[in-house]
Amino acid sequence: MQKQRNSFQLQTPSTIIMDTNNADDYSPIGSPSSPKLNNYRKVSILPLVFLIFYEVSGGPFGVEDSVNAAGPLLAILGFFIFPLVWSIPEALITAELGTMFPENGGYVVWVSSALGPFWGFQQGWMKWLSGVIDNALYPVLFLDYLKPAIPSLEDGFIRMVAVLVLTVMLTLLNYRGLTIVGWAAILLGVISLLPFLIMGVIAFPKLEPSRWLVVDFSKVNWTLYLNTLFWNLNYWDSISTLAGEVENPGKTLPKSLFYALILTVFSYLIPLLVGTGALPLDQDRWTDGYFSEIAKVLGGVWLMYWVQAASAVSNMGMFIAEMSSDSFQLLGMAERGMLPKFFSKRSRYGTPSIGILFSASGVVLLSWMSFQEIVAAENFLYCFGMIMEFVAFIKLRIDYPGATRPYKVPLGTGGAVVMCVLPGLLLLVVLVIAPLKVMAVSAAAIVVGLVMYPSLQYAERKNWLRFSKNSEHVDLHSSLTSV
């Protein structure tokens with residue numbers, strides 16, 4: 001018999017909280033997976049590295065605007081320094097909380113455990129919505145790269161059909177299993193990154209380091225510069241929604257985040273160093289797609305076509321990674337009793353079939369829309385979600401110093417607060433500089449989430465929808481409030 005959400009019995013607090021005077025003595029929080037789920041193949045470290053890589057990056061496509069906005073020196077320094085300020089703190093928090101709660105749902109579970117299910121649901125709604133909006137871009141961008149070769153993809157009925165067919169094909173790949181998605185990400189990653197290694201080899205004798213030092217502070221477009229860095233170095237927390245599908249998450253997740261961070265930073269720096277050091281600077285030409293022109297100058301037409309193909313392939317990798325994260329998040333929320341029971345249904349391949357269907361439907365719906373303001377709204381929602389994650393990280397450190405943390409950021413509570421200060425200030429800057437129209441669209445999305453949570457509770461009380469909760473998942477927030 002399924003246990004209803006309101007009758008879910010918690011483990012006693014003594015099984016969750018140890019003597020707070022000795023935080024090194026950990027006790028188990030809960031089981032990461034049930035015996036039934038162990039029948040499905042888990043994701044190992046190499047596929048997980050590339051899934052994280054595609055959640056965050058996908059390659060250097062899109063970093064060109066950093067040179068256009070600020071010149072070579074600041075662009076290169078930005079991709080050295082910004083990971084220290086933003087990416088590393090976000091990855092460290094993901095490693096600690098993802099191993100503390102090795103279950104699907106990720107950041108939804110963190111916020112719910114620290115702040116309660118209401119805020120956990122809001123976190124889930126904002127993150128899922130921003131993820132679906134983000135994913136709707138990739139089929140469109142993929143076709144944009146093919147337009148020079150196939151002009152009929154420019155617009156009209158053929159383009160609409162192509163978007164739909166591509167979305168269905170990639171969605172079916174997600175349906176067939178997360179392990180397949182992981183190995184597909186490896187293949188796509190090799191195809192996407194290899195031409196830039198070849199560019200580096202060809203360009204090495206032509207590099208002039210003095211070209212890397214060019215900067216004109218009076219002409220820097222700081223808004224474009226910061227937005228480019230932020231867009232290309234965030235979303236490290238997205239992999240947390242798959243924690244329940246990871247093989248030995250306590251060790252695999254932190255290592256994968258570390259290797260993916262190195263891969264991501266070098267995938268940006270090598271093309272930037274090559275492009276700015278091997279050719280004379282023409283700053284106005286550094287816009288989306290300029291790397292293919294650099295490839296043509298350095299290696300010829302064949303290398304240009306490879307880079308263009310790599311750009312298109314990269315969008316496929318980002319789509320399947322994002323789809324996996326979005327769909328497993330919905331499954332994790334259903335297992336926590338936040339969404340109706342049918343969201344927890346798995347296919348025979350172990351994938352969340354209803355979550356995939358809902359996420360794919362959102363992608364198809366949004367694929368016909370204009371994305372300029374909506375993408376900015378996505379960043380706005382993302383910032384709200386990250387602020388709640390930082391709060392949850394610190395609050396869980398304070399409330400549960402002795403809870404199980406297979407990986408723990410090597411800082412005390414005070415150090416953890418300090419680590420979150422600079423990223424928190426960056427989030428506030430992004431929120432403040434957003435246009436009023438973006439704020440209005442984001443506010444409307446937030447209101448929908450605020451209304452949706454009590455509406456689902458009402459539907460449960462009326463027995464219109466069935467909810468259930470996995471008895472192996474411990475509700476830390478309720479255990480604390482009941483003590």
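Within every chain, residues take consecutive numbers counted from 1 along the sequence as written. This being a predicted model, a pLDDT of at least 70 is required before a residue's local features are given, and a value of 80 or more before pairs of side-chain atoms are given or counted; all residues contribute to the totals for chains, interfaces and linings. In computing side-chain properties, one takes all heavy atoms of the structure into account and sets aside hydrogens as well as water.

A.B. asks: I'd love a proper account of the side chain of Ser 87, names of residues and values included.
C.D. replies: Residue position: Ser 87 is located in helix H2 (residues 64–100). Under this definition, polar contacts are N or O atom pairs within 3.5 Å; protein pairs additionally need one hydrogen-donor-capable and one acceptor-capable atom, and for neighbouring residues in sequence, both atoms have to be side-chain atoms. Of note is the side chain of Ser 87, whose polar atom sits 3.2 Å from the side chain of Trp 236. Counting from the N terminus, the helices are DSSP H or I runs at least four residues long and the strands are E runs at least two residues long.

A.B. asks: So what about unusual backbone geometry? Which residues, and what values?
C.D. replies: Within the chain, Tyr 235 stands out as a residue other than glycine whose phi angle is a positive 75 degrees. Tracing the backbone shows Tyr 235 in the loop between helix H7 (222–232) and helix H8 (249–278).

A.B. asks: Give a detailed account of the packing of aromatic side chains, specifying residues and quantitative values.
C.D. replies: Stacked, tilted and edge-to-face are the three classes assigned to paired rings of Phe, Tyr and Trp, where Trp is represented by its six-membered ring and a pair needs centres within 6.5 Å; plane angles under 30 degrees give stacked, over 60 edge-to-face, the rest tilted. Scanning the entire structure with this criterion turns up 24 aromatic pairs. Ring geometry for Phe 380 versus Phe 384: centroids 5.5 Å apart, planes at 70 degrees, classification edge-to-face. In this pair, Phe 380 and Phe 384 both sit in helix H12 (residues 372–399), four residues apart, roughly one turn of the helix. By way of ring pairs, the aromatic residues Phe 61, Phe 196, Trp 286, Tyr 290 and Phe 291 are connected into one cluster. Only lysine NZ and arginine CZ atoms are considered, and such an atom sits over a ring when it is within 6 Å of the ring centre and within 35 degrees of the ring normal. One cation-aromatic arrangement involves Lys 127 over Tyr 107; the distance from NZ or CZ to the ring centre is 4.9 Å.

A.B. asks: Can you explain the packing of helix H6 (residues 178–203) against helix H10 (residues 301–335)? Please cite residues and give values.
C.D. replies: Running from N to C, H6 and H10 cross one another at 150 degrees; their axes reach a closest spacing of 9 Å. One way to sum up the angle between H6 and H10 is to call them roughly antiparallel. Classified by chirality, the crossing of H10 by H6 is left-handed. By the convention adopted, Pro, Cys, Tyr, Trp, Phe, Met, Ile, Leu, Val and Ala count as nonpolar, Lys, Arg, Asp and Glu as charged, and the other residues, Gly among them, as polar. In the contact of H6 with H10, the residues fall into 21 nonpolar, four polar and no charged. Lines fitted to the C-alpha atoms define the axes, with helices restricted to the stretch that makes contact. Angles between their N-to-C directions range from 0 to 180 degrees. Should an angle lie under 35 degrees it is considered roughly parallel, over 145 roughly antiparallel, and from 65 to 115 roughly perpendicular; all remaining angles are considered oblique. Rotating anticlockwise by less than a right angle from the far helix to the near helix defines a left-handed crossing, while the corresponding clockwise rotation defines a right-handed one.

A.B. asks: Tell me about the side chain of Ser 292, residues and numbers included.
C.D. replies: Counting through the fold element by element, Ser 292 comes out in helix H9 (residues 290–299). For each residue, the accessible area found with a 1.4 Å probe, counting protein chains only, is set against the maximum for its type, and the residue is called buried under 20%, exposed over 50%, and partly exposed in between. A residue is classified by how much of its surface remains accessible, and Ser 292, at 10% relative accessible area, is buried. If sequence neighbours within four positions are ignored, Ser 292 has contacts with Met 304, Val 307 and Gln 308. Here, residues are in contact when the closest pair of their heavy atoms is within 4.5 Å.

A.B. asks: Give a description of the packing of H6 against H9 that names residues and reports values.
C.D. replies: Put simply, H6 and H9 touch, their axes get as near as 10 Å, and they point 45 degrees apart. Here H9 runs oblique to H6, going by the angle between their axes. The two elements H6 and H9 cross, and the hand of that crossing is left-handed. Where H6 approaches H9, its residues Phe 196, Met 199, Ile 202 and Ala 203 are matched on the opposing element by Phe 291, Ile 294, Ala 295, Leu 298 and Gly 299.

A.B. asks: If you had to explain the pattern of salt bridges to someone new, which residues and values would you point to?
C.D. replies: By convention in these notes, a salt bridge is any Lys or Arg side-chain nitrogen within 4 Å of a carboxyl oxygen on Asp or Glu. Evaluated as defined, the whole model comprises nine salt bridges. With a shortest N-O distance of 2.9 Å, Glu 96 and Arg 397 are connected by a salt bridge. Here Arg 397 lies in helix H12 and Glu 96 lies in helix H2, a separation of 301 residues in the sequence. Linked by salt bridges that have partners in common, Glu 96, Arg 397 and Arg 405 make up one network.

By themselves, these observations are geometric and do not establish any function.
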